[in-house]
Amino acid sequence: MAVAETQLYAKVSNKHRSKSTSALLESLLTKGFPAHTAQKALAATGQKTIEDAAKWLHSHCNDPSLDDPIPQEYALYLCPTGRLHNHLQEFWKESKRQCGKNRAHEIFPHITLCDFFTCEDQKVELLYDTLKRVGDSFSQCFPPSISLTLHSSTSYLGFFIGDSHANTLKEFALAFSSEASSLADCHVKPCLKQLHLTLAHKFYPHHQKTLEQLAKCINPGETCQWVAALYSRDMRFVHYQTLRALFQYKPQNIDELMINAGDFIYVDPTQQSDVSEGWVIGTSHQTGCRGFLPENYTEKANESDTWVKHREYVFVTASKLFTQTENESNVKLNGEVRSPSMSRSVTNVLSLQNATLRRGVLVMRHGERVDQVFGKSWLQQCLTADGKYYRADLNFPSTLPKRKDSVKHFEYDPPLSCCGIFQSRLIGEALLDQEVTVSYAYSSPALRCIQTAQHVLQGLKLDQKVKIRVEPGLFEWTKWEASRAIPNFMTVTELAEASYKIDTSYRGNFPLSSLVPSESYEEYVSRSSAVIKQIITACPSKGNGIILIVGHGSSLTSFTRPLIGLPARDSNDFAQVVRKIPSLGMCYCEELKEENKWQMVNPPVKTLTHGANAAFNWRNGIVED
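Residues numbered from 1 in each chain as written. Predicted model: local features only at pLDDT ≥ 70, side-chain atom pairs only at ≥ 80, totals over all residues. Heavy atoms only, no water.

A. Main features of the packing of aromatic side chains. The full count for this structure, using the stated rule, is 31 aromatic pairs. Their ring planes at 90 degrees and their centres at 6.0 Å tell us that F108 and W307 sit as a pair that is edge-to-face. One end of the pair, F108, is in the loop between α5 (82-99) and β2 (111-119); the other, W307, is in the loop between β11 (298-300) and β12 (308-314), with 199 residues separating them in the sequence. On the basis of relative accessible area, W307 is assigned to the buried category, the value being 10%. Judged by centre distance (5.1 Å) and plane angle (75 degrees), the rings of F475 and F489 are edge-to-face. Here the residue F475 occupies a position in the loop between β17 (468-470) and α14 (492-497), and F489 occupies one in the loop between β17 and α14, the gap between them amounting to 14 residues. The pair F475 / F489 is uniform in exposure class, with both members buried. Grouping aromatic residues by their ring pairs yields a cluster made of Y77, F108, F116, Y231 and W307. Sitting above the plane of the F116 ring, R233 keeps its charged end 3.6 Å from the centroid. (Phe/Tyr/Trp six-rings, centres within 6.5 Å; stacked < 30°, edge-to-face > 60°. Helix = DSSP H or I, 4+ residues; strand = E, 2+ residues; numbered from the N terminus. Buried < 20%, exposed > 50% of the residue type's maximum accessible area, 1.4 Å probe, protein only. Lys NZ or Arg CZ within 6 Å of the ring centre and 35° of its normal.)

What follows is the structure, given as structure tokens:
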């Protein structure tokens with residue numbers, strides 16, 4: 001047992017335990033659940049219904065920590081509702097779309113009144129009573145509107161609370177913390193420093209201006225009803241990353257984790273270094289069980305997605321009692337509520353920014369390569385005794401392109417699998433559906449990249465209009481080459497003769513002869529930075545067409561970071577990031593011409609996720625034992 005957990009057990013065990021007489025607890029006790037686990041279930045589900053608590057207990061029947069006396073952590077937040085909340089949600093969405101995720105996106109809009117504190121499960125009801133009593137005592141003096149002033153710095157953007165209103169909120173927080181500490185025997189610390197409502201935090205400095213423009217669309221004086229809400233979280237996973245399952249996964253081995261779509265999984269980033277590529281080890285929020293699961297079955301979730309709201313106190317003041325008239329009613333856009341005024345203001349900002357967008361760069365990893373499925377010895381599996389290629393599995397390509405030298409050179413320059421071809425065509429068709437057009441196409445000299453570019457362009461119906469520029473400088477970090485030598489790539493002439501739409505007049509910025517085997521990380525970073533700048537310079541704007549770059553997993557970070565003005569990652573961090581990039585993973589950068597910079601935004605199409613499909617022999621298990 002870890003030292004921190006031992007201390008926590010001692011702290012909890014030594015406290016006097018009071019007996020709760022709540023109706024919910026009595027109902028669970030009559031069902032045969034032990035008192036300590038029943039109280040734990042009620043605390044974990046917000047003490048709302050017997051059904052919720054019973055369901056939690058049944059799903060956690062195999063939870064190894066079920067009997068551990070570790071309490072929940074609680075926090076008191078002041079949250080906006082109504083039209084101001086809608087404005088803030090719109091800002092959350094647009095800031096994430098244009099500037100990527102920052103720390104503020106982890107939690108919903110709020111003002112922190114009391115930061116996280118622990119409370120024993122059987123005393124949580126006392127917190128509810130305290131919130132009700134203190135809320136009632138402040139209801140008459142609670143401000144009808146709260147003064148919010150926008151404040152901005154290179155790493156923080158948010159509203160500061162005006163002094164007079166902040167003093168009232170601090171008095172409310174102090175009263176709650178004092179009474180809760182006394183009644184529930186817990187240490188509650190009120191927030192007595194500058195109160196604020198965070199809009200963005202720990203973002204890249206070059207996004208500050210964009211975020212400020214979006215923030216100015218928010219009218220802080222908009223109609224709002226404020227709610228003091230008590231939330232809880234599992235204190236064991238505070239510093240973990242939270243993932244959301246996209247698909248169901250049924251364990252194939254005893255050490256794997258069962259997950260269903262929508263489940264949340266806690267993952268400790270410090271425990272992933274020894275895990276096999278493509279897998280993570282985590283703990284299920286739904287069951288408390290721990291095990292391995294495929295990483296591409298999940299996506300990153302927000303920190304607060306697993307929090308539980310227990311109780312809230314709504315501050316109703318005379319000036320806040322309002323009804324929506326027909327011309328004030330909210331409208332829905334893309335399934336989210338927006339007020340018309342907010343929609344117009346955001347649209348104006350987006351129109352202004354779109355007018356300055358000149359070019360886009362879509363950097364993409366190649367599709368599934370044949371050795372990714374069949375291993376490094378794939379070529380031996382599909383060559384006859386006299387060296388002729390045959391299709392040993394339907395996922396092998398139907399033919400290999402002709403080359404003048406030995407077919408064995410494909411071992412270190414493998415083609416796409418049939419699934420990789422399908423993946424690439426599917427991405428092209430998805431881009432076509434989104435009305436994306438490509439003006440320039442660049443590819444690494446690796447055959448798998450050239451094939452990916454070709455099939456993406458076919459899906460876009462541009463394969464007869466846009467030719468592929470083969471750029472040796474786009475090849476991956478040569479230190480990762482298994483042969484410890486630069487592969488013997490097909491020549492441009494051979495590619496053209498094999499019906500690939502190659503721009504034979506293009507002369508690369510980095511000739512093949514300049515690629516150095518086992519180059520250092522610094523050499524690779526320098527090469528990548530130089531080649532992306534040269535490509536941008538060589539590709540003037542053509543209407544709304546983008547620049548397509550098909551490379552390797554490493555391309556997504558090595559080409560985009562210098563473009564948006566970020567330094568290279570540490571080589572260890574770089575390797576960890578790259579190993580998680582799947583086939584056809586992509587990044588998209590847009591140019592802000594008037595600001596002389598580029599920014600990374602969401603790619604124009606969704607990701608492509610699918611499961612594995614193992615080889616099958618009908619004899620095994622069907623007609624033979």
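B. The arrangement of the packing of helix α2 (residues 23-30) against helix α4 (residues 50-59) in detail. At a closest axis distance of 10 Å, the pairing of α2 and α4 adopts a crossing angle of 45 degrees. Taken together, the axes of α2 and α4 lie oblique to each other. Here the hand of the crossing between α2 and α4 comes out right-handed. Contacts between α2 and α4 involve L24, S27 and L28 from the former and I50, A53 and A54 from the latter. (Axes fitted to C-alpha atoms, helices over the stretch in contact; angles between N-to-C directions. Parallel < 35°, antiparallel > 145°, perpendicular 65-115°, else oblique. Left-handed = near helix turned anticlockwise from the far one by under 90°. Contact = heavy atoms within 4.5 Å.)

C. Expanded view of the side chain of H105. With respect to the helices, strands and loops of the structure, H105 is situated in the loop between α5 and β2. Reaching out from H105, the side chain makes a polar contact with the backbone oxygen of W92 at a distance of 3.1 Å. Among the polar contacts listed, one links the side chain of H105 to the backbone nitrogen of N102, at a separation of 3.0 Å. Dropping the residues within four chain positions of it, H105 is found in contact with W92, S95, K96, G100 and N302. (Polar contact = N/O pair within 3.5 Å; in protein donor to acceptor, adjacent residues only side chain to side chain.)

D. Broad picture of the packing of helix α6 (residues 124-138) against helix α7 (residues 163-183). Packing of α6 against α7 leaves a shortest axis separation of 9 Å and a crossing angle of 145 degrees. Crossing of α6 against α7: the hand is right-handed. Seen from α6, the contacting residues are L126, L127, T130, L131, R133, V134, G135 and F138; seen from α7, they are T168, E171, F172, A175, F176, E179, A180 and L183. Of the residues contributing to the contact of α6 with α7, the split by class is 10 nonpolar, 3 polar and 3 charged. (Nonpolar A, V, L, I, M, F, W, Y, C, P; charged D, E, K, R; others polar.)

E. Focus on the pairing of strand β10 (residues 290-294). One ladder, built from 5 bridges, connects strand β9 (residues 279-284) with β10; its direction is antiparallel. Bridge assignment links T283 to a residue of β10, and that residue is R290. Hairpin geometry of β9 and β10 is characterised by an intervening segment of 5 residues between the two adjacent antiparallel strands and by a positive phi of about 80 degrees at G288. (Pairing = 2+ DSSP bridges.)

F. Representation of the sheet that holds β11 in the model. One open sheet accounts for 5 strands, arranged β10-β9-β8-β7-β11; its pairing is antiparallel. Looking at which strands have only one partner, the edges of the open sheet turn out to be β10 and β11. Each strand axis lies, on average, 45 degrees off the axis of its neighbour in the sheet, ignoring direction. When strand β8 (residues 264-267) meets β9, the two strands line up antiparallel, connected through 3 bridges. Across the sheet, the residue bridging to V267 is G282, located in β9.

G. A look at the pattern of salt bridges. In the structure shown here, the tally under the stated rule is 23 salt bridges. Two residues, R244 and E299, come together in a salt bridge whose shortest N-O distance is 3.0 Å. Note that R244 is positioned in strand β7 (residues 241-245) and E299 in strand β11, a separation of 55 residues in sequence. Of the residues examined, R244 reaches a relative accessible area of 23% and is grouped as partly exposed. Classification of E299 as partly exposed rests on a relative accessible area of 34%. We note a salt bridge from E595 to K597, for which the minimum N-O separation is 3.2 Å. On the accessibility criterion, E595 (27% relative accessible area) is partly exposed. With a relative accessible area of 17%, K597 lands in the buried category. Through salt bridges that share partners, E73, R103, R233 and E303 make up one connected network. (Salt bridge = Lys/Arg side-chain N within 4 Å of Asp/Glu carboxyl O.)

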